[in-house]
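# A structural walkthrough
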2 protein chains.
Amino acid sequence: MPIKTNHPNKKTWMPVPANSDFPIQNIPFGVFLTRDDIITIGTRIGDHAIDLGALHQLGYFKDIPLTDDIFLQDTLNDFISDGKKTWRLVRNRISEIFDINNKDLKNNEEHKNIVLFTLDEIEMQLPVQIGDYTDFYSSKEHATNVGTMFRDPENALLPNWLHLPVGYHGRSSSIVPSGTPVRRPMGQTLPKGAEQPIFGPSKLVDFELEMAFITTDANVLGEPIPVEDAEDYIFGMVLFNDWSARDIQKWEYVPLGPFLAKNFASSISPWIVTLDALEPFRVQSPEQNPEPLPYLQQSGEKGFDIHLEASITPEGGEETRVSKSNFKYMYWTMAQQLAHHTINGCKINSGDMMGSGTISGPTPDTYGSMLELTWRGEKPIILKDGSTRKFIEDYDTVTLTAYCQKDNVRIGFGEVKTKLLPVFQPKKQ
Amino acid sequence: MPIKTNHPNKKTWMPVPANSDFPIQNIPFGVFLTRDDIITIGTRIGDHAIDLGALHQLGYFKDIPLTDDIFLQDTLNDFISDGKKTWRLVRNRISEIFDINNKDLKNNEEHKNIVLFTLDEIEMQLPVQIGDYTDFYSSKEHATNVGTMFRDPENALLPNWLHLPVGYHGRSSSIVPSGTPVRRPMGQTLPKGAEQPIFGPSKLVDFELEMAFITTDANVLGEPIPVEDAEDYIFGMVLFNDWSARDIQKWEYVPLGPFLAKNFASSISPWIVTLDALEPFRVQSPEQNPEPLPYLQQSGEKGFDIHLEASITPEGGEETRVSKSNFKYMYWTMAQQLAHHTINGCKINSGDMMGSGTISGPTPDTYGSMLELTWRGEKPIILKDGSTRKFIEDYDTVTLTAYCQKDNVRIGFGEVKTKLLPVFQPKKQ
C-alpha cells in the first residue's frame, strides 16, 4: 500500500490559511467532543476538524475493511491496532475526498454540515488511552548538559549512555492534553547544606521540550522487534511537555530514578501526526561512535527534521520564545528506542507512548529545558515584559510547537499549551 | 457499612479442605474463563470458583446497587471503581449466601450447577487491567542488603531512604497471571573488568518476593490523598513476583533506574484478597526513626502479619523452599506509600497496582531474592535434588505463597507459580 498523500503539489478544496500546520498533506488523527456532545475520531485540514465517524457512516470509506464503529470511539487505540496498511488506506481515501478535483463531498452541503466543524465547535481530548508510557533520554546535548551540571564536566555522559538508549517508565495516568492546566506539586526536598528534608511546594518547576511516538501492537511477550522493522509499529508523533520538579527530583531519584518529580503531570498535543506524513522530512541521524551493538544498528535515514520551539507567556502578558531546537539532534532514533525497549521481550501495545527525552541542540538557545537554558538558574531569561525567569512561575503558560518544512509544504503538530497553577489548597474542614 | 465476614466461627455449607487458603472468611475476587468459554468475575470458597455474573443474573444480589453487567466483564476495574461500600455489600451478601445456615442456594441444584465450578473447569485471568504499576522499595532489610553488596556496608541506605518510600514506575504490559511462563531476557551487560558491553542472554535472572495492592479511583489530578484516608482506596492485595535480570540492571540503571532488567515480565497471583478480609491480621508496623514528615505520619496498626514463602522446583524435580519472610517487616506501609505517591497530585485510577518491593526479613533465611539469599552467588543454595542455584535456571519453576493465620482462621493468597523458559530464538528466515 503506497503513500498517496505527500505530493507537494497536492491541493484541497478546503480553505487552508497560509502557514497552517494542517495542509492536505498532513491528515493527522485525534479525538474530539463535538457541538452535539458526541465523542468521535477525526482529522483536521486547515482550521476545520473532520468527523471521521460521520464520514464513515455516510459511506465515504466503503471498500476499506473497517468495523462500523471504528471511528465512533473515545480513543484511537482500536484503529491504531488495525495496523499500518489500514492507516494508509484511510489516509489515502481522506486525501482523495478532500482533493481539489473531487466534488463528491465538496458539492454535498448536507454531508458537509454533518462532518465539518470549526475549531471553536469542538474540544480536543487525549487521542489514545496510554497503556504504558516510557521516556527516553536520547539527546546527547541534554544528557551532557545535565551530567555537566550535576556530576562531572569531564565525564558528563555515564558509561552506558553511548551504548544504549537510556530510558525509564513514566506514569500514564497523569498525561493530559493541551489546554489542561497543571498544578505545581508539593513534595520533599533537601535544601542546600541541610541534613533533613523539608516539605513544601516545589520551587524549581520546569518544562521539558520533547516529542513522543505512539505505537501499535507490536509483539507478543517474550519476542523482540528487530530494529529494521521497528518503524512499522510507530503510528505517529505528538509534542510532549514532560513537566519536571527539579528540586524534588534531586532528592528522590537515587537509586531508582525520577518518580514524583515527573508524575504530577505531562502534557501532549492532541493531533497525532503519522509517520507517513513525516516521510518527506527524513534526514540522517547523528553519527554514532562507538558503533552500537548489532541489534541497534540501523540503515537509511532514521532521523526527522522537525523544528521545535518553546515559549513562556506570563498571565495576561506577551509570549516570549525561549528555545528553538530540532528533533534531528536526537542521537538515538525512534527505531533504535523501540528495538532496545523490546530486545528483552517487553510487550508493546496499541496506544503506548514513548517520549524522546528533552531535545537540546548544540547551542544555548537550542536547549530544551529551563534547567539548561538558565544553567540551573545562574543565567535567568528575560521575558518581553521585562520580568525574569529561572524556572516556571505560577500562572505562566508554556507552549511547545513543532513543524517540518520542505518544497513549500509545512507539516505541523499544532501546539501543546499548558498553564501552571499554584499548589493545591485543601478545603478547610 | 460494617464488615460481616470475618468472624472466626463463621462456617459454610461448601466443602473447604483443611488448611485451605479460601475459607468463607476470605471471599477474594478474580476473573476466570469458564468451561463454556465465558469470561466472568468470581470468588472462591475452598476448591470451588463461584461465578458472580451468574449469581447476579439469578437475583442473589438484588437490593445492592449494581449494574446488570458489573460481573460480566473481563476485568474487575469497574467493580473496584464502585468503591468500598459496594465491595462490602457484595462480600457481606456472598458470606450470607454460603453461610452454613442459609439453604437458598444450598438446596437449589439447578442454580448450583450454573454458578459453581471446580478449579479444573476454569482458567484464571489477570484480575484487573493494570493502568499504571508502581514498585516501591520499602523493606529496610532488602535495601540494606542491596546497598551493602553494591555500594558501601557503612552507608548501605541512601540518604533519602528513611525519609520517604522510594519507588519507581514499572511496566504494566508485561504483567502476567500465575501459570504463564516467562522467557529469560536478552540484553546488554558489562562483564567484570570490561570496557565495552556485550550482548546475550541474562545470566543472573532472579525472582523478587513481593506483594502488591490494587487501588480504586482515588483522586483527581492535582489533589493528594491524606495518609489517614489512603486505605479506603485500597481494594486488596496479591502476591507479586517481580522478575529481575541483575546483570542487565547493573549496566543500565544509572541514572534513571531499572528498565529492561525488570520489564520483561512480572507475575501476580490471580485472586485479589480484600483489605477487609485482612483486617484481623493487622499489626503495628516497624518503628520509624527518624519520624517521617507530617504527611507520612500514620496512627494505628497499618502493618499486616502475612507469612510469605518462596520455592524453586527444577523441571521434573522436587520443590525446595528457599525463603520464608513476612509482610509485617515492611518499613513503609501501604498507607504511607499511597499518600506519598499522591502528595504531588499524581492521579490514581481503578486497577492501578503498587508493589511493595522485595520483602526481606532480618535473617538470611528470610531474604526475598536469590541475590540476597546467595549473597550475589557467593553462597549457592542446595536444592532437594542436590543441585545448586546461584540464580534461576531455565525450566525452573518459582512459586510464591502467602497466608495469614489467627484464631484457627487461615486467609491465604493461593500462589503465583511461574516457569522460566530459555531465551527467545527467532525463526530462521
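What counts, and at which threshold
Residues numbered from 1 in each chain as written. Chains lettered and ligands numbered in written order. Predicted model: local features only at pLDDT ≥ 70, side-chain atom pairs only at ≥ 80, totals over all residues. Heavy atoms only, no water. Contact = heavy atoms within 4.5 Å. Buried area = accessible area lost by both parts, 1.4 Å probe. Salt bridge = Lys/Arg side-chain N within 4 Å of Asp/Glu carboxyl O. Polar contact = N/O pair within 3.5 Å; in protein donor to acceptor, adjacent residues only side chain to side chain. Helix = DSSP H or I, 4+ residues; strand = E, 2+ residues; numbered from the N terminus. Nonpolar A, V, L, I, M, F, W, Y, C, P; charged D, E, K, R; others polar. Least-squares fit on C-alpha atoms with pLDDT ≥ 70 in both. UniProt positions renumbered as here; feature names shortened; annotations may be inferred. Buried < 20%, exposed > 50% of the residue type's maximum accessible area, 1.4 Å probe, protein only. Domains from an automatic or database assignment. pLDDT = per-residue confidence, 0-100. Patch = residues over 30% accessible without salt bridge, like charges linked within 9 Å, V, L, I, M, F, W, Y side chains within 5 Å. Areas by Shrake-Rupley, 256 points an atom, 1.4 Å probe, with all protein chains shown as cover. Lys, Arg positive; Asp, Glu negative; His and termini not counted. Charge placed at Lys NZ, Arg CZ, Asp CG, Glu CD. Phe/Tyr/Trp six-rings, centres within 6.5 Å; stacked < 30°, edge-to-face > 60°. Lys NZ or Arg CZ within 6 Å of the ring centre and 35° of its normal. Pairing = 2+ DSSP bridges.

## Some words on the interface of chain A and chain B
- Facing 59 residues of chain A, the contacting portion of chain B comprises 59 residues.
- Three residues, His169, Arg171 and Leu256 of chain A, lead the burial of chain A against chain B; their summed loss comes to 15% of the area buried on that side.
- Taken together, the links from chain A to chain B amount to 4 salt bridges.
- A salt bridge links Asp132 of chain A to Arg171 of chain B, with the shortest nitrogen-to-oxygen separation between them at 3.6 Å.
- Across the contact surface, chain A and chain B share 30 residue pairs in polar contact (both at pLDDT 80 or more).
- For the side of chain A that touches chain B, the secondary structure elements donating two or more residues are strand E6 (133–136), strand E7 (167–169), strand E10 (186–189), strand E11 (198–201), helix H6 (246–252) and helix H8 (334–342) of chain A.
- By residue number, the principal contributor to the side of chain A that touches chain B is E7 of chain A, which donates 3 residues.
- Along the lines of polarity and charge, the residues of the side of chain A that touches chain B split into 31 nonpolar, 20 polar and 8 charged.

## Some remarks on the relation of the copies chain A and chain B
- With an RMSD of 0.0 Å, chain A superimposes on chain B once it is rotated by 180° and translated 0.0 Å along the axis. Such values leave the two copies arranged in the relation of a two-fold axis. The position closest to the rotation axis in chain A is occupied by the C-alpha of Gly257 of chain A, lying 2.2 Å away.
- When you check the interface residues of chain A against chain B, 100% turn up at the interface there too, and the contact is symmetric in its surfaces.

## Examining the UniProt feature "active site" (unreviewed entry) in chain A
Residue and element names in this part refer to chain A.
- Residues annotated by UniProt as "active site" (unreviewed entry) correspond here to His142.
- Within the secondary structure layout, His142 lies in helix H5 (residues 140–150).
- If near-sequence neighbours (up to four positions away) are discounted, His142 is found in contact with Tyr137, Glu208, Thr358, Ser360 and Glu372.

## Considering the UniProt feature "binding site: substrate" (unreviewed entry) in chain A
- Residues given the UniProt feature "binding site: substrate" (unreviewed entry) here are Tyr137, Arg151, Gln249, Tyr253 and Thr358 of chain A.
- Here Arg151 of chain A is to be found in the loop between H5 and E7.
- On the basis of relative accessible area, Arg151 of chain A is assigned to the partly exposed category, the value being 34%.
- Beyond its immediate chain neighbours, meaning those up to four positions away, Arg151 of chain A contacts Tyr137, Val146, Ala156, Leu158 and Tyr253 of chain A together with Pro255 of chain B.
- By secondary structure assignment, the location of Gln249 of chain A is in helix H6.

## Some thoughts on the pattern of salt bridges
Residue and element names in this part refer to chain A.
- Applying the stated criterion across every chain yields a total of 42 salt bridges over all chains.
- Two residues, Lys84 and Asp232, come together in a salt bridge whose shortest N-O distance is 2.6 Å. With Lys84 in helix H3 (residues 84–97) and Asp232 in the loop between strand E13 (209–215) and strand E14 (234–241), this residue pair connects regions lying 148 residues apart in the sequence.
- In this structure, Lys419 engages Glu315 in a salt bridge whose closest nitrogen and oxygen atoms are separated by 2.8 Å. You can see Lys419 sitting in strand E26 (residues 409–421) and its partner Glu315 sitting in the loop between strand E20 (307–313) and strand E21 (320–326), a full 104 residues away along the chain.
- Here the salt bridges do not stand alone but share partners, grouping Asp206, Glu208, Asp242, Arg246 and Lys262 into one network.

## Re the environment of Ile359 of chain A
All names here are of chain A.
- Residue position: Ile359 is located in the loop between strand E22 (353–355) and helix H9 (370–373).
- Taking the C-alpha atoms as reference points, Ile359 and Ala194, 165 residues apart in sequence, are found 33 Å from one another.
- Every residue in contact with Ile359, bar those within four places of it in the chain, is listed here: Ser139, Leu209, Glu210, Met211, Leu308, Ser325, Asn326, Phe327, Met330, Thr366 and Gly368.

## So, the environment of Tyr137 of chain A
- Relative to the helices and strands, Tyr137 of chain A resides in the loop between E6 and H5.
- Residues Tyr137 of chain A and Thr67 of chain A lie 70 residues apart in sequence; the distance between their C-alpha atoms is 38 Å.
- Those residues in contact with Tyr137 of chain A, other than ones at most four positions away along the chain, are His142, Ala143, Val146, Arg151, Trp161, Val166, Ser356 and Gly357 of chain A together with Pro255 and Leu256 of chain B.

## Describing the domain arrangement of chain A
Residues and elements named next belong to chain A.
- Domain parsing of chain A yields domain 1 (30–124) and domain 2 (133–421).
- Centre-to-centre separation of domain 1 and domain 2, based on C-alpha positions: 30 Å.
- Each partner contributes residues to the interface: domain 1 has 16 residues there, and domain 2 has 16 residues.
- Across the interface of domain 1 and domain 2, roughly 1400 Å² is buried in total on both sides, 61% from carbon and sulfur atoms.

## Some thoughts on the confidence of the model for chain A
- Residue-level pLDDT values for chain A average 97, and 100% of them are 70 or greater.
- For this predicted complex, the interface confidence score (ipTM) comes to 0.97, while the overall pTM stands at 0.97.

## Comments concerning a negative patch on the surface
Residue and element names in this part refer to chain A.
- A cluster of acidic residues, Asp68, Asp69, Asp78 and Asp82, forms a negative patch at the surface.
- Position of Asp82 among the secondary structure elements: in the loop between helix H2 (77–81) and H3.
- The class of Asp82 is partly exposed, set by a relative accessible area of 36%.

## Some remarks on unusual backbone geometry
- For the bond running from Asn289 of chain A to Pro290 of chain A, omega is 5°, close enough to zero to count as cis.
- One non-glycine residue, Asn19 of chain A, adopts positive backbone phi at about 65°.
- Among the structural elements, Asn19 of chain A can be located in the segment before strand E1 (30–33).
- By relative accessible area, which is 60% here, Asn19 of chain A ends up exposed.
- Despite not being glycine, Asp37 of chain B shows a phi value in the positive range, around 65°.
- Mapped onto the fold, Asp37 of chain B is located in the loop between strand E1 (30–33) and strand E2 (39–45).

## Quick notes on the packing of aromatic side chains
- Here the structure, examined in full by the defined rule, presents 32 aromatic pairs over all chains.
- Aromatic pair Phe259 of chain A and Phe136 of chain B: ring centres 6.0 Å apart, planes at 90°, arrangement edge-to-face. A residue pair is termed interchain when its members come from two chains, as with Phe259 of chain A in the loop between H6 and strand E16 (266–268) and Phe136 of chain B in strand E6 (residues 133–136).
- Plain terms: the ring middles of Trp13 of chain B and Phe98 of chain B are 5.3 Å apart, the flat faces sit at 25° to each other, and that makes the pair stacked. Of the two residues, Trp13 of chain B is situated in the segment before E1 and Phe98 of chain B in the loop between helix H3 (84–97) and helix H4 (109–115); the sequence distance between them amounts to 85 residues. Of the two residues examined, Trp13 of chain B and Phe98 of chain B, each falls in the buried class.
- Aromatic ring contacts, followed pair by pair, group Phe29, Phe61, Phe71, Phe79, Trp87 and Phe235 of chain A into a single cluster.
- Just above the ring of Tyr403 of chain A sits the side chain of Arg410 of chain A; from NZ or CZ to the centre is 4.0 Å.

## Side note on the sheet that holds strand E21 (residues 320–326) of chain B
Residues and elements named next belong to chain B.
- Overall, mixed pairing links the 5 strands, which are arranged E9-E26-E25-E20-E21 in an open sheet. Each edge of the open sheet is held by one strand with a lone partner, namely strand E9 (182–183) and E21.
- Note: E9 against strand E26 (residues 409–421), 2 bridges, orientation parallel. Its bridge partner lying in E26, Val182 is registered against Leu420.

## What about the pairing of E2 of chain B?
Residue and element names in this part refer to chain B.
- Across the 7 residues of E2, 6 count as buried, placing the element largely inside the fold.
- Direction of pairing for E1 relative to E2: antiparallel, over a ladder of 4 bridges. Of the residues in E2, the one forming a bridge with Gly30 is Gly42.
- The antiparallel pairing of E1 with E2 creates a hairpin that spans 5 residues between the two strands, and Asp37 there sits at a positive phi of about 65°.
- Pairing between E2 and strand E3 (residues 48–51): 4 bridges, direction antiparallel. Within E3, the position partnered with Arg44 by the bridge is Ala49.
- Between E2 and E3, which pair antiparallel and follow one another directly, the connecting turn spans 2 residues, one of which, Gly46, has a positive phi of 55°.

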